[in-house]
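Tertiary structure, described
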Amino acid sequence: MDQPIPEQDTNHARKDDMADSGCEITDRLYRWCHCEDSVSSILAANADLTPAQAWDKLFESDKKDITNSENARKATAEPATDEKLRRTRECGKWGPGQPSELFTRMYHDALCTLEDDPKRGVVSPCLMGSSGTVPLTIISVLPDIVRHMSNLIVRAEKEVFLATNFWQNGVATRYITNAMRELSRRAEARGTRIVMKIIYDRGNPKQLIDPHHSVPESGYTGNAVNLPPAKDIPMIDLQVINYHQPLVGTFHAKYMVVDRKIGVVQSDNIQDNDNLEMMVHIEGPIVDSLYDVAMISWHKKLDPPMPCLHTPAAMATEPTSFGDNHANLFSPTGAIKGHSAVVDPAKMPSRNPYGVEALSVDNSRADAAKDGTASHSLRDTTTDPHETVQRSPSLEQNSTVTSDVPLGAQNTHDVPAVQPSFQASKTWPDHTSDDPHYDTDIAGEVLRVQATISSKPNESRMQAVSRHLNHTVGKGVQANAPDCDPVDEMTPYIPHAGHEPFPIALVNRAPYGRPKHKADTNPQNAAWLSALRNARRNVFIQTPTLNAQPLIPAIMEACERGLDVYCYVCLGYNDAGEMLPLQGGHNEKVVNQLYTKLSPAGKQHLKWYWYVAKDQSRPIPALQKKRSCHIKLMIVDEELGIIGNGNQDTQSWYHSQEINLSKDPLLVILFSPHGQCLSISPDVPEKCFLMIVLYIVLDSPAICRAWIDGLRRNQNTGMYGAVDPKDGIWRDEQGQGIQGTTGVSSGTFPWLKGVAGAVDRLRGTGGF
């Protein structure tokens, strides 16, 4: 049955000081963080080793002292000390900046979980704390995310590593396969070869013997997957692994690394759906950390080896994505040129961050910023809140993509390395799976995508949004939300102004296969709980599902101590699967229990919203597959963000392997792609069931500000999604609820529905 939410101490007094887990960074853990060796460097030195052998070799001298305890280092919130913070900061390579206090406390708590078993982190400890930059964030539907992936693939010079949970032949996969064919043509023109590795999860009986099943060409070119055969990509050495731990262990990671220079971390599978998703593009030394995770996840012999094993991102001397074209993206008002929505946080008017309060400008915040009394996240606000942003002429009239590369282009040298991105006279053709149009840089991609969502003749702004959201799934859904102001237009691609590298940490979770809930000591869980424990102002969570047993009490405790906790959750997402025994319960049940258990004062600080799409005025149950949301995100105090591909449910917290990147000023937490473990019998081996997920956590006020405003613009959740705080039920102005939902009660024999939900997951039709 569903697990009840535990009673909370409603008289809890908030401590003045921030608290950490009470654990210590031991000398051994400190030594691991300062070690020069990593799985990647060991593989570079010895090409005969498999990543699994390199992983073992890294801790060979400490093997006898590693306990592999299931429940080591339990958190006991205690006041932190300056010495702990100093020692924690010394356990990372943070680049030109230093981590903030909030980030440092999170990193400390995550790091301490490795003491008894360093493999819990699913990354070499010396790469767990790093630095990097974030040129681009995408908050949109799947086609926009695979558009960016396809552009990165065709621009690859040596190698591509792509990891996804479920790969299903369709429109989304054609963006990738088209790009592979184009990459092979470009490589042939310049006389080079490309190494490409793809790892996904599609159940196969052969995985009973070998969970990392090497897929032959005959297997991955069939209708279900439909990757190109070797004859279509003669210059690409493709190797494919189908990774699944029978019976229901899922590889849940979703990321890509290109030339060990660029990484993307995303929430989506490569599978046509109706979801709003989120992706973050990262560059700099943090890519070495993600690369290390990729090697560990691959597990098997690299055949052929990865060409970039000997060229770490940390040693790169070439320019980043922040070139002249990128700088020229921004108008004087901070909008994307040719458009109205302000995407530069330095130019945004001050406003409350979330919910209905975010619908209007907050003059008190602007005054606080001017007086110097605002929090760190507000001090970079320079725009007068009363300033009106003038709408620029339409991009279709004034701008064009000049970096367009036809699908049949034979030579990348036909495209200049730097081109003027803003020319009159040409329009921006859509980059589609049937008619690809590739760009030479992020600037071209941003302008092209923003042009596609702009209104066409005789089309309202909201009708244009519906056209964009009705891509492959949910076609025919009509907009019922009123038109928005031009400054609130949807911006699928959110470019970030150039910035120096900031601290980033990778916080992952190793798999656990037994049906008991004991494997809760890991970097992933420690980071999320630390964020809630150390928040001072507010916490924002957006997730498809929210029922993780350790997280729910932490949310309640935060509310009881006066912290505003905003939860944007998808109504009805994977309801059946969450009804399995020990899974925590479906979303409607959880929110009802929260509002029932909280004290009257605590209820005022829980702000629960059901996801509402940009073109809608009410939530649509996920079961209808019209407008769902699959984003996995936490933002703490408007300064620190965590983004990735793991849900906030019991499976991800107790059984999935996750990756988190932590950054300061961008804390990026990635939950490593290595697998979720669900076992049906206590006697099933520990590594029988796996699920892999990836997360990024930001400690950058500027990046978080851009995310917060992008989330406000790209959905209507804050405007229309609030539930009734009396019982957690959404009602319209006439007091009517939403038809077609499960409701607060799970009904009789909910576990039967749970079994059906689990089967749907295996078939690739359930929620991931």
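See above for the structure.
Numbering of residues starts from 1 in every chain and runs along the sequence as written. The predicted nature of this model means local features are confined to residues of pLDDT at least 70 and side-chain atom pairs, given and counted, to a pLDDT of 80 or more, with totals for whole chains, interfaces and linings taken over all residues. To obtain the side-chain values, all non-hydrogen atoms of the structure were included, while hydrogens and water were left out.

Section: the overall build of the protein chain
What counts is decided by this rule: Numbering goes from the N terminus for both helices and strands, where a helix is a DSSP run of H or I of at least four residues and a strand is a run of E of at least two. Remark: exposure states derive from per-residue accessible area (1.4 Å probe, protein chains only) relative to the maximum for the residue type, with buried under 20%, exposed over 50%, and partly exposed in between. Note on definitions: a residue-residue contact is assigned when non-hydrogen atoms from the two residues lie within 4.5 Å. Accessible surface is estimated by sampling points in the Shrake-Rupley manner with a 1.4 Å probe; for residues, cover comes only from the protein chains shown.
The helix and strand inventory of the protein chain stands at 22 helices and 21 strands. Within the protein chain, the proportion of its 768 residues that are buried is 62%. Taking as baseline every contact in the protein chain between residues at least 6 positions apart, the subset at least 24 positions apart corresponds to 80%. Here the protein chain displays about 26,800 Å² of accessible surface, and carbon together with sulfur accounts for 52% of that area.

Some remarks on the pairing of strand 13 (residues 502-506)
In plain terms, the rule: Two strands form a pair only when DSSP identifies at least two bridges running between them.
Among the five residues in strand 13, five count as buried, and that is most of the element. Note: strand 3 (residues 129-141) against strand 13, four bridges, orientation antiparallel. Bridge pairing in strand 13 links Gly132 to Phe502.

Quick notes on empty space enclosed by the protein
For clarity, the cut-off: Only protein atoms enter the 1 Å grid used here, on which a cavity is any set of points holding a 1.4 Å probe that cannot leave and a pocket is any open set flanked by protein within 12 Å on both sides along at least five of seven lines; residues with an atom within 4 Å of a point are listed as lining. Grid points are joined across faces, edges and corners, and a volume is the space filled by probe spheres set on the points.
Using the criterion set out here, one finds three cavities of 30 Å³ or more in the structure. Quantified by volume, the second largest cavity comes out at close to 40 Å³. Lining the second largest cavity, in full, are Arg147, Asn151, His431, Asp439, Glu445, Arg448, Val449 and Tyr493. Listing elements by their share of the lining of the second largest cavity, those giving two or more residues are helix 6 (142-154) and helix 13 (442-452). Of the residues forming the lining of the second largest cavity, the biggest block, three residues, is contributed by helix 13.

Structural notes on the packing of helix 6 against helix 7 (residues 171-190)
Short version of the rule: Helix axes use the C-alpha atoms of the stretch in contact, all axes being lines fitted to C-alpha atoms, and the angles between their N-to-C directions lie in the range 0 to 180 degrees. Here the angle decides the label: under 35 degrees means roughly parallel, over 145 means roughly antiparallel, 65 to 115 means roughly perpendicular, and every other value means oblique. The nonpolar class holds Ala, Val, Leu, Ile, Met, Phe, Trp, Tyr, Cys and Pro. Asp, Glu, Lys and Arg form the charged class, and all remaining residues, Gly among them, are polar.
Taken N-terminus to C-terminus, the directions of helix 6 and helix 7 make an angle of 10 degrees; their axes are 8 Å apart at the nearest point. It follows that helix 6 is roughly parallel to helix 7 by the angle criterion. Where helix 6 abuts helix 7, its residues Leu142, Pro143, Val146, Arg147, Met149, Ser150, Ile153 and Val154 lie against Ala172, Tyr175, Ile176, Ala179, Met180, Glu182, Leu183 and Arg186. Its residues placed into classes, the contact of helix 6 with helix 7 shows twelve nonpolar, one polar and three charged.

Regarding the nonpolar core
Threshold: We call a set of buried residues a nonpolar core when its members are Ala, Val, Leu, Ile, Met, Phe, Trp, Tyr or Cys and they connect through side-chain atoms within 4.5 Å of each other.
Met295 and Trp608 are the most contacted members of the largest nonpolar core, which has 184 residues in total. With nine residues, helix 9 (residues 286-298) is the largest single contributor of residues to this core. Setting aside anything within four residues of it in sequence, one finds Met295 in contact with Val39, Ser40, Leu43, Pro51, Phe161, Leu302, Met306 and Leu309.

Some remarks on helix 14 (residues 461-469)
Looking only at helix 14, the buried set comprises Met462, Ala464, Val465, Ser466, His468 and Leu469. Where helix 14 is buried, its residues touch strand 3, helix 6 and helix 13.

With respect to the environment of Lys254
Tracing the chain through its elements places Lys254 in the loop between strand 8 (249-250) and strand 9 (255-258). For the pair formed by Lys254 and Ile199, sequence separation is 55 residues and the distance between their alpha carbons is 9.7 Å.

Concerning the packing of aromatic side chains
For clarity, the threshold we go by: Aromatic rings from Phe, Tyr and Trp, with only the six-membered ring used for Trp, were paired whenever their centres fell within 6.5 Å, and each pair was classed as stacked if the ring planes differed by under 30 degrees, edge-to-face if by over 60, and tilted otherwise.
As enumerated under the stated definition, the model contains twelve aromatic pairs in all. Judged by centre distance (4.6 Å) and plane angle (15 degrees), the rings of Tyr354 and Phe540 are stacked. Taken as a pair, Tyr354 in the loop between helix 10 (324-327) and helix 11 (363-371) and Phe540 in strand 14 (residues 538-543) lie far apart in primary sequence, 186 residues in all. With respect to burial, Tyr354 and Phe540 carry one shared label: buried.

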